[in-house]
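Notes for the structure review
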Amino acid sequence: MTDTPKTATLTIDGQSYELPIHSPTAGPDVIDIRKLYAQAGVFTYDPGFTSTAACDSTITFIDGDKGELLHRGYPIDQLAGQSHYLEVCYALLYGDLPDAETLEKFEKLVTNHTMIHEQMHNFFRGFRRDAHPMATMVGVVGAMSAFYHDSTDINDEHQREVASIRLIAKMPTIAAMAYKYSIGQPFVYPRNDLDYASNFLNMCFSVPAEEYKVDPVLAKAMDRIFTLHADHEQNASTSTVRLASSSGANPFACIAAGIACLWGPAHGGANQACLEMLKEIGSVDRIPEFIARAKDKNDSYRLMGFGHRVYKNFDPRATVMKESADEVLELLGVEDNPLLQVAMELEKQALADPYFAEKKLFPNVDFYSGIILEAMGFPTSMFTPIFAMARTVGWISQWKEQLDDPQLKIGRPRQLYKGETARDYVAPDKR
Ligand code: SDX
């Protein structure tokens, strides 16, 4: 953040207040209101934080109008096309792309921490088999603080590092175990001879009864899905992690809070909701009916996978995801997948409709991801756990960045109070 001489003048009841303006390396200037309440006795009002910068950050930049997404300055389409998830993890965590030797060490470190404490297997068995895997993940990740006491002290740099690696390494194992548990199959241990994405696919789809071979095209698509979901600036779940961390909560509790927030259909739960919507539409001739409902002011119905708080142009991740969808469906010989037909026709009709154009509603990252994941054999209930797994590195990188911020204060928003003013208690027989 580079301070500029610019200031904003706010005048209230004839009294003027000078507010500093800070300029970023990219994106809009910010007006610093930290002293506003002390100086002017007023709060700002911004439910949903549409115009509020809650922190400084150097990790991810989004230009919603241009449809641009940078991780440590690297465009998402270049990372998705030329890098791979663990290399992107390194850049998000430490600030830049690693050299070959450093990357090899990092990948080995993650690989050697993919197993979870054997006692946690019993923890899984306390859930009902039909529990949503997200419920299991929230519970198990939160419980990690009960199993990994030696990496819960946020004031210890080494413990923060250990917790970061443990979470990135163990999330696929936990997600795969949640899946296996939900379908009544035995847990599959991670394997150190497989790369991150192949290991996850093996833990999900292999069974003791026969050899499972990971298809390299599916592994590449899986790795790309992880990369496309890795981080996304100050979205709802990342802001949840930051707020939880501002109280000094341990990293596992903070990530469990992020998982819980991501679960909502307006956020990470949209990939599951989107696929369920495509199934409900069922065929292209029913698309107009659903578009009409989404446009109907009296109907709260929304097209899942459309719209975004920040992107008022294409979500660059959706574009890459669509390419992956084509590759995976062609490999699996289901390029005429009826859901993909519905999705493409829905996208075409929605983008041609003035309502969506005026409100700048474009397909987002969740629009195509579900089609790929379903084609790969995942049930819709596993879509958001996969999003949570991939986003863990973003949550952790933002968590570390906040802890390193000397200005860190506990997050404590105020309110516009519209309730009763002070009044005396009335005895029950006098009411
Ligand atoms: C993710 O923040 C992130 O970065 C999130 C994410 C990440 O990587 O972390 O990108 C991941 O969460 C992607 C978004 C996934 N959610 C969905 O696909 C659910 C469907 N989308 C909507 O719920 C909505 O678009 C949001 C929640 C994503 C964004 O909502 P906003 O910015 O609060 O916009 P809004 O609700 O104020 O809507 C603006 C207008 C409204 O109409 P008016 O009241 O102005 O008349 O657009 C309409 C809305 O009714 N609108 C939609 C719509 N989304 C918004 N109308 C129909 N279908 C939709 N999907």
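Structure first, text after, so check above.
Given the structure is predicted, the values throughout are model-derived calculations rather than measurements. (Residues numbered from 1 in each chain as written. Predicted model: local features only at pLDDT ≥ 70, side-chain atom pairs only at ≥ 80, totals over all residues. Heavy atoms only, no water.)

Let's shift gears to the site of the ligand. Close to the ligand lie 24 residues; His232, Lys297, His308, Arg317 and Arg391 are nearest. For the ligand, an oxygen atom lies 2.6 Å from a polar atom in the side chain of Lys297. Contact distances for the ligand include 2.7 Å between an oxygen atom and a side-chain N or O atom of Arg317. Burial of the ligand by the protein chains amounts to 77% of its free accessible area of 1100 Å². Tallied by class, the residues present in the shell around the ligand amount to 10 nonpolar, 7 polar and 7 charged. (Near = heavy atom within 4 Å. Polar contact = N/O pair within 3.5 Å; in protein donor to acceptor, adjacent residues only side chain to side chain. Areas by Shrake-Rupley, 256 points an atom, 1.4 Å probe, with all protein chains shown as cover. Nonpolar A, V, L, I, M, F, W, Y, C, P; charged D, E, K, R; others polar.)

The next thing to look at is the packing of aromatic side chains. Counted by the stated rule, this structure contains 21 aromatic pairs. Relative to Phe252, the ring of Tyr148 lies with its centre 6.2 Å away and its plane at 40 degrees, an arrangement referred to as tilted. One end of the pair, Tyr148, is in the loop between α6 (133–147) and α7 (157–182); the other, Phe252, is in helix α11 (residues 251–262), and 104 residues separate them in sequence. Judged on exposure class, the residue Tyr148 and its partner Phe252 are both buried. Here the aromatic cluster, defined as three or more aromatic residues joined through ring pairs, consists of Tyr85, Tyr179, Tyr196, Phe200, Phe205, Tyr212, Phe226 and Phe378. (Phe/Tyr/Trp six-rings, centres within 6.5 Å; stacked < 30°, edge-to-face > 60°. Helix = DSSP H or I, 4+ residues; strand = E, 2+ residues; numbered from the N terminus. Buried < 20%, exposed > 50% of the residue type's maximum accessible area, 1.4 Å probe, protein only.)

With that out of the way, let us pick up the sheet that holds strand β4 (residues 60–63). Within a sheet, adjacent strands bond to each other through the backbone by hydrogen bonds, running parallel or antiparallel. Pairing is antiparallel across the open sheet formed by 3 strands, whose spatial order is β4-β5-β6. Because the sheet does not close on itself, it has two edges, and the strands there are β4 and β6 (74–75). Examined bridge by bridge, strand β5 (residues 68–71) and β6 share 2 bridges and lie antiparallel to one another. What sits directly across from His71, in β6, is Tyr74. (Pairing = 2+ DSSP bridges.)

Turning our eyes to something else, we now look at the side chain of Arg317. Turning to its location among the elements, Arg317 is positioned in helix α14 (residues 316–331). A distance of 3.4 Å separates polar atoms of two side chains, one belonging to Arg317 and the other to His232. Looking at Arg317, its side chain comes within polar contact range of the side chain of Asp315, at 2.7 Å. Those residues within four positions of Arg317 in sequence are excluded, and the remaining contacts are Leu69, Ile76, Leu228, His232, His308, Tyr311, Val365 and Arg391. (Contact = heavy atoms within 4.5 Å.)

Our focus in this paragraph is the nonpolar core. Phe200, Met222, Phe226, Leu278, Leu303, Leu346 and Phe378 are the most contacted members of the largest nonpolar core, which totals 108 residues. In this view, Leu278 contacts Leu339, Val342, Ala343, Leu346 and Ile371; residues no more than four positions away in its chain are not counted. Counting residues in hydrophobic clusters, the runner-up holds 6 residues, among them Ala8, Tyr17, Leu19 and Ala40. (Core = buried A, V, L, I, M, F, W, Y, C linked by side-chain atoms within 4.5 Å.)

Next up on the list: the state of the cysteines. Applying the stated criterion across every chain, the model contains 0 disulfides. In this structure Cys261 is a free cysteine whose sulfur lies 13 Å from that of Cys254, the closest cysteine sulfur available. For Cys261, a relative accessible area of 24% translates into the label partly exposed. (Disulfide = S-S within 2.5 Å.)

Following the criterion strictly, the structure yields 22 salt bridges and no others. Salt-bridge contacts for Asp404 lead to Arg160; the nearest nitrogen and oxygen are separated by 2.8 Å. Placement of Asp404 in the segment after α18 (383–403) and of Arg160 in helix α7 is noted, with a sequence separation of 244 residues between them. Its relative accessible area of 49% is what places Asp404 among the partly exposed residues. (Salt bridge = Lys/Arg side-chain N within 4 Å of Asp/Glu carboxyl O.)

Our focus in this paragraph is helix α15 (residues 338–351). Counted at 1.5 Å a residue, the expected span for α15 with its 14 residues is 20 Å, and the 20 Å between its end C-alpha atoms agrees. Within α15, the full set of buried residues consists of Leu339, Leu340, Val342, Ala343, Leu346, Glu347 and Ala350. The arc enclosing the buried residues of α15, seen along the axis, measures out at 160 degrees, which places them on a common side. Of the exposed residues in α15, the ones pointing more than 90 degrees away from its buried face are Pro338 and Lys348. The inward-facing, buried residues of α15 contact α12 (270–281), α13 (287–295), α14, α16 (354–358) and α17 (365–375). (Expected span 1.5 Å × (residues − 1). Arc of directions from axis to C-beta.)

This next bit is on the environment of Val207. Along the chain, the position of Val207 falls in the loop between α8 (196–205) and α9 (216–228). On the basis of relative accessibility, which here comes to 26%, the residue Val207 falls in the partly exposed class. For the pair Val207 and Phe187, spaced 20 residues apart in sequence, the C-alpha to C-alpha distance is 8.7 Å. Once residues within four sequence positions are removed from consideration, Val207 is found in contact with Lys180 and Gln185.

This next bit is on a nonpolar patch on the surface. Taken together, the side chains of Val217, Leu331 and Leu332 define a hydrophobic patch exposed on the protein surface, amounting to about 200 Å² of accessible area. Mapped onto the elements, Val217 comes out in helix α9. (Patch = residues over 30% accessible without salt bridge, like charges linked within 9 Å, V, L, I, M, F, W, Y side chains within 5 Å.)

Attention shifts here to unusual backbone geometry. One non-glycine residue, Arg72, adopts positive backbone phi at about 50 degrees. Among the secondary structure elements, Arg72 is positioned in the loop between β5 and β6. Residue classification places Arg72 among the buried positions, given a relative accessible area of 19%. Phi angles above zero are rare outside glycine, and Glu233 is one such case at about 60 degrees. In this structure Glu233 comes out as partly exposed when scored by relative accessible area, which is 24%.

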